[in-house]
Amino acid sequence: MDMNRKLYRSSRDRMLCGVCGGIGEYLNVDPTLIRLVWAILACSSTGFLVYLLAAVIIPQEPDVM
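Residues numbered from 1 in each chain as written. Predicted model: local features only at pLDDT ≥ 70, side-chain atom pairs only at ≥ 80, totals over all residues. Heavy atoms only, no water.

Novice: Describe in detail the nonpolar core, supporting the description with residues and values.
Specialist: Membership of the largest hydrophobic core is limited to 9 residues, which are Val19, Cys20, Ile23, Ile34, Trp38, Tyr51, Ala54, Ala55 and Ile58. Among the elements of the structure, α1 (19-27), α2 (31-44) and α3 (47-57) are those that each provide at least two residues to this core. Look past the residues within four positions of tyrosine 51 in its chain and what remains in contact with it is Leu16, Cys17, Gly18, Val19, Cys20 and Trp38. (Core = buried A, V, L, I, M, F, W, Y, C linked by side-chain atoms within 4.5 Å. Buried < 20%, exposed > 50% of the residue type's maximum accessible area, 1.4 Å probe, protein only. Helix = DSSP H or I, 4+ residues; strand = E, 2+ residues; numbered from the N terminus. Contact = heavy atoms within 4.5 Å.)

Below, the structure written as structure tokens:
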């Protein structure tokens, strides 16, 4: 596992803000599974608020040239 890896919001695999895509890339998991879990959390608790907070806190992926 690469210890220099950083969590970013995805600019390639995004639906809203790229939070789930970024978490999926970071964990090496399909972002659709992350989105499904997040949707379940949003319907049953404060998942939507946590998503918005993550969208503000997690930085946007830097442009790669």
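Novice: Mind laying out the side chain of arginine 35, listing which residues take part and the relevant values?
Specialist: Summarising the element assignment, arginine 35 is placed in helix α2. Polar contacts involving the side chain of arginine 35 include one to the side chain of aspartate 13, which spans 3.1 Å. Setting aside chain neighbours within four positions, we find arginine 35 in contact with Asp13, Arg14, Met15, Cys20 and Gly21. (Polar contact = N/O pair within 3.5 Å; in protein donor to acceptor, adjacent residues only side chain to side chain.)

Novice: Account for the packing of α1 against α2, naming residues and giving values.
Specialist: Where α1 contacts α2, the two axes come as close as 8 Å, and the packing angle between them is 125°. The orientation of α1 with respect to α2, classified from their angle, is oblique. The element α1 and its partner α2 pack so that their crossing is right-handed. Across the interface between the two elements, Val19, Cys20, Gly21, Ile23, Gly24 and Leu27 from α1 touch Pro31, Ile34, Arg35 and Trp38 from α2. For the contact of α1 with α2, a count of residues per class yields 7 nonpolar, 2 polar and 1 charged. (Axes fitted to C-alpha atoms, helices over the stretch in contact; angles between N-to-C directions. Parallel < 35°, antiparallel > 145°, perpendicular 65-115°, else oblique. Left-handed = near helix turned anticlockwise from the far one by under 90°. Nonpolar A, V, L, I, M, F, W, Y, C, P; charged D, E, K, R; others polar.)

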